[in-house]
Structures are given as C-alpha cells and as structure tokens.
Amino acid sequence: MSLDAMPVPFYRVLGATAVEIDGVAVGLGGPVPRRVLTALLATRGHPLSDDRLFDQVWGATTRDMTAALRVVVWRLRTALPVRETLSRTEFGYTLTVPETATDTELFTSGIRHGLALLAAGDGPGAVRTLESALRLWRGDPWLDLGESAHTHTLRRPLTELREVAVEELQAAHLSCGNTLSAVAALQAAVDESPYRERRWELLALALYRSGRQAHAFAALRRVHHLLATEIGVAPGPALRTLQHRMLTHDPALLLAHPTLSRAG
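Read on for a plain summary of the structure. (Residues numbered from 1 in each chain as written. Predicted model: local features only at pLDDT ≥ 70, side-chain atom pairs only at ≥ 80, totals over all residues. Heavy atoms only, no water.)

Within the structure shown, the criterion is met by 13 salt bridges. For the salt bridge of Glu 147 with Arg 155, the shortest nitrogen-to-oxygen distance reads 2.9 Å. Exposure remark for Glu 147: the relative accessible area of 67% places this residue in the exposed category. Taking the relative accessible area as the measure of exposure, Arg 155 reaches 9% and is therefore buried. Taking the shortest distance from any N to any O, the salt bridge between Arg 198 and Glu 168 comes out at 2.8 Å. With Arg 198 in helix α8 (residues 197-209) and Glu 168 in helix α6 (residues 149-175), this pair connects stretches of sequence that are 30 residues apart. Residue Arg 198 shares its accessibility class with Glu 168, and that shared class is buried. Residues participating in the shared-partner salt-bridge network are Glu 160, Glu 163, Glu 167, Arg 196 and Arg 199. (Salt bridge = Lys/Arg side-chain N within 4 Å of Asp/Glu carboxyl O. Buried < 20%, exposed > 50% of the residue type's maximum accessible area, 1.4 Å probe, protein only. Helix = DSSP H or I, 4+ residues; strand = E, 2+ residues; numbered from the N terminus.)

The following block contains the structure:
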C-alpha cells in the first residue's frame, strides 16, 4: 500500500488524548504512551528533547528513562499506521501530522469561521459552524499532561476561544430570533463564568427582547453589584451603553442584528 493510500489518523487532545482512524479508536497502550503522544502533539511538529519528554511524562530527567522512552516510542510507531510521522532527529523526537488531522486545528478554524459568519450577518451559518466546532470539545485541552505552568500556557488560548464561542453562539441564536433558548443558555453561561461581561450583555438583551424588561434590568443590576463587590470595578462601556439604550427604549434593540460589542 502506498503512503498516499494509507489511512490518516485523527488526533484528539481537547480532553483525554485519543487517536481515531475512520472513526475507530486506536489503542495507544496506556497512560504513559498517551502522555508521550500528547507532549509531541503539543510541539506542532517541532522536535522535543529527551529531557523535556522525561519531565513532561515522568516528572524527572534521568538517563535511566532513555530505554523506557524508546520502548514507548516503538509502541506508538506500531500503533500509528504511518510510522514515518514519528521520527528521531538530533534535537529529539518529532511528530508531524497534517493540521486538518487534529481537533485543535479544526476547533480553532471552526470558531474563527463562525465568528466571521456572524460578523457578516449570517446567523444560521454561524450557529451551525460554532455548534460543530464546540462539539469537538470533550474537556480540558492536553488533559494527559496534567497540571503545570507549561500546560496552562498551552490551554489558555484554546479555553479563551471556547469561552468566546459559547457567548457568540448565543449572539448568533439571537440574530436568528431564537430568544427563549438563548435566555436559558445565557443564564447557564453566566453561572459558569460570572465575570465575563459579554454574557451578561447578551442575557440582558435576550430578556429585554423576550418582553421581560424588569428581568433585563435586574440582570444589569446583578452584574453591576457582582463586579463592584467582588472585583472592585464598574461595568464596561458595552454594558453601560446597553443599559442606556434600554432606558431610552431604543427600537433597534428589538431588531435581529442590534449593534452590540463582539469579541474578536
């Protein structure tokens, strides 16, 4: 079989690390091979030295682990159909995979495309695209690497992108007129991350648009109190502007595409 005809594995690290071929899970042989594979995937095709692998996988850097690492790499090469993707260089081990073969790349590109569709006024397209991307999220990214400063650095941009996607998905639902479902989702969203002002902004808008103006103003009072008492800051300009528009009964707030702040 030629290399072009061989199946391409799909690598998942948005949650516990997993590899699938044509939708079927590949057995990786336990937690240590998963951690090695996760550490290599995190380098995005750059070599990873033995010492760094020892540290990320075993939490130590001793030469006694060299033989163990070679065994783990051999098992991974046996499990993966295209063994040439896991290679050894003078700088360490390298795992080279296509960008479209990782859930992180599909997630990132999907969210960005969904945000672009929303900005262009395509609410239904934004809903479909954002929902599809969010379904790739199965838990904390790079879960098998455990907790460390390095892992936190890897996770932070993906986690922030998911937070934005959760919010802008509801903005897309509002643009489609799905007000009641947006209210329920946004109430859960503010409970999950109460200091994200964009969620309160969208919740107040959804409540206002559904005819629950008293509840909308109550939501604004809640976030104002929360920010003042727990962080010591005032609401940002987006929330202040929304409150003013609600007080003046701006008719544009009832339109499908109100002028509100959006995360970039």
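Next up on the list: the sheet that holds strand β2 (residues 18-21). Pairing is antiparallel in the open sheet, where three strands are placed in the order β1-β2-β3. Lying at the two open borders of the sheet, with one neighbouring strand each, are β1 (10-12) and β3 (24-25). (Pairing = 2+ DSSP bridges.)

Turning to the packing of aromatic side chains, a few remarks are in order. Under the criterion given, the structure shown has two aromatic pairs. When the ring of Phe 54 is compared with that of Trp 58, the centres are 6.1 Å apart and the planes differ by 55°; the resulting orientation is tilted. Within this pair, Phe 54 and its partner Trp 58 are both found in helix α2 (residues 50-58), separated by four residues, close to a single helical turn. Considering the side-chain rings of Phe 107 and Trp 137, the 5.4 Å spacing of their centres and the 45° angle between planes classify their relative orientation as tilted. Here Phe 107 is found in helix α4 (residues 103-119), whereas its partner Trp 137 is found in the loop between α5 (123-134) and α6, with 30 residues between them in sequence. Sitting over the face of the ring of Tyr 93, Arg 88 holds its NZ or CZ atom 4.5 Å from the ring centroid. (Phe/Tyr/Trp six-rings, centres within 6.5 Å; stacked < 30°, edge-to-face > 60°. Lys NZ or Arg CZ within 6 Å of the ring centre and 35° of its normal.)

Remember, this is a structural readout, not a statement about activity or role.
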